[in-house]
Structures are given as structure tokens and as C-alpha cells.
Amino acid sequence: MTAHKTVLILCTGNSCRSQMAEVLLRHDLGGAVRVLSAGTRPQPKVAAGAIAALQEAGLPTDGLYPKDVDAVMNEPIDLVVTVCDNAKETCPVFPRPVPRTHIAFHDPHGEPLESFIRVRDDIRARLVPAVREALGL
């Protein structure tokens with residue numbers, strides 16, 4: 001049995017899109033990958049809309065909190081996915097070469113729950129298959 005591949009979802013605040021992506025990938029890829037998320041400038045807490053959108057889909061939200069990318073720098077990462085343009089521009093240099101892909105998603109901060117749900121569904125529709133393909137799952 002080979003070790004799980006590790007995916008890092010990176011955005012600026014690690015409070016919305018990257019958190020939803022982390023939960024969706026973990027759920028939809030059924031544990032075939034280890035999923036981490038982090039931010040280049042983490043916010044104090046995960047956006048309430050992101051949590052509500054995940055819960056509305058019956059997904060777990062326990063233990064979600066914004067993490068600084070420095071906390072995952074030494075993890076054995078197989079793929080970095082940036083989900084906002086700012087994170088793509090400021091993506092740090094990892095200790096070893098890591099494949100990267102960029103898939104931008106709308107930032108629903110300050111918008112109604114419906115916006116968070118649309119972004120959640122967009123992440124599920126575009127990011128999950130992209131990661132599956134990138135890792136050959």
C-alpha cells in the first residue's frame with residue numbers, strides 16, 4: 001500500500017474557499033488523499049458562511065480553523081492548489097519542488113449564504129476532478 005498523497009489548498013485568509021475545498025476533497029476523494037489548507041495571511045476564524053454552506057451539504061465542520069502556510073512548510077506535499085489570485089502571486093517557495101495548479105474561485109465574503117453555496121458547488125465541480133486527475137486517482 002502506497003502512502004497517501006498530500007494536497008495543500010492555499011489561499012490568502014484560509015477562512016473560506018480553501019476551508020471548503022479541504023472538507024470537500026477529504027469527503028469526495030474518500031480518504032485517498034491527505035488534505036491540508038493554509039493561508040498566506042490567515043484570518044482569525046473560518047467564515048460563518050463557509051461553515052453554513054458545508055453543513056447545508058451535510059459535511060463535517062468540526063475543528064476547522066485558519067492556519068498559516070508556515071505551519072505546513074515541512075509537510076510532504078505532493079500538490080499545491082492555489083484558489084485565489086493573491087495566493088498564487090504570493091505562493092511561498094517550499095523546501096522541495098512541489099507541483100502547483102491554480103484554480104481561482106469567487107470570494108463570497110460579505111455575501112449571502114447562496115453565494116457561499118454556489119462557491120462550494122463550484123469547488124466540488126472543478127477542483128475535485130482537477131485534483132483527482134493531477135494525482136492520478
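Residues numbered from 1 in each chain as written. Predicted model: local features only at pLDDT ≥ 70, side-chain atom pairs only at ≥ 80, totals over all residues. Heavy atoms only, no water.

Engineer: Which residues make up the nonpolar core, and what are the values?
Structural biologist: Counting residues in hydrophobic clusters, the biggest one holds 33 residues, and the most contacted among them are Val7, Ile9, Leu25, Leu127 and Val131. When residues of this core are traced back to their parent elements, those giving at least two are strand S1 (5–11), helix H1 (17–28), strand S2 (33–39), helix H2 (48–56), strand S3 (79–82) and helix H4 (113–134). Of the residues forming this core, the biggest block, seven residues, is contributed by H4. The next biggest cluster of nonpolar side chains, apart from the first, holds nine residues, and it includes Leu8, Leu36, Ala38 and Val72. (Core = buried A, V, L, I, M, F, W, Y, C linked by side-chain atoms within 4.5 Å. Buried < 20%, exposed > 50% of the residue type's maximum accessible area, 1.4 Å probe, protein only. Helix = DSSP H or I, 4+ residues; strand = E, 2+ residues; numbered from the N terminus.)

Engineer: Explain H1 to me, using residue names and the numbers behind them.
Structural biologist: Along an α-helix, a turn takes 3.6 residues, which lines up residues three or four apart on a common side. Between its terminal C-alpha atoms H1 stretches 16 Å, which fits the 16 Å expected from twelve residues at 1.5 Å a residue. Counting buried positions along H1 gives nine out of twelve residues, so the element sits mostly inside the fold. Along H1, the residues that are buried comprise Arg17, Ser18, Gln19, Met20, Ala21, Glu22, Val23, Leu24 and Leu25. Taken together, the buried residues of H1 touch S1, S2, H2 and H4. Downstream of H1 by a residue or two, glycine 30 has a phi angle that is positive, lying close to 55 degrees. (Expected span 1.5 Å × (residues − 1). Contact = heavy atoms within 4.5 Å.)

Engineer: How would you sum up the packing of H1 against H4? Please name residues and give values.
Structural biologist: The geometry of a pair of packed helices is captured by two quantities: the angle between their axes and the separation between those axes. Look at H1 against H4: their axes get within 9 Å of each other, and the N-to-C directions meet at 55 degrees. Between H1 and H4, the angle is such that the two are oblique. Our pair here, H1 against H4, has a crossing hand that is right-handed. Contacts from Arg17, Met20, Ala21, Leu24, Leu25, His27 and Asp28 of H1 reach H4 at Phe116, Val119, Arg120, Ile123, Arg124, Leu127, Val128, Val131 and Arg132. A per-class count over the contact of H1 with H4 returns ten nonpolar, one polar and five charged. (Axes fitted to C-alpha atoms, helices over the stretch in contact; angles between N-to-C directions. Parallel < 35°, antiparallel > 145°, perpendicular 65-115°, else oblique. Left-handed = near helix turned anticlockwise from the far one by under 90°. Nonpolar A, V, L, I, M, F, W, Y, C, P; charged D, E, K, R; others polar.)

Engineer: Describe the pattern of salt bridges, and please don't skip the residues or the numbers.
Structural biologist: Tallying each qualifying case throughout the model produces eight salt bridges. One salt-bridge network, in which partners are shared between bridges, spans Glu22, Arg26 and Lys67. (Salt bridge = Lys/Arg side-chain N within 4 Å of Asp/Glu carboxyl O.)

Engineer: Hey, could you go over the pairing of S3 for me, with residue numbers and the actual values?
Structural biologist: A two-sided burial pattern is seen for S3, the buried positions comprising Leu79 and Val81 on one face and Val80 and Thr82 on the other. Examined bridge by bridge, S1 and S3 share four bridges and lie parallel to one another. Counterpart to valine 7 in the pairing with S3 is leucine 79. As defined by bridge partners, S3 adjoins strand S4 (residues 100–102) across three bridges and the pair is classed as parallel. Of the residues in S4, the one forming a bridge with threonine 82 is histidine 102. (Pairing = 2+ DSSP bridges.)

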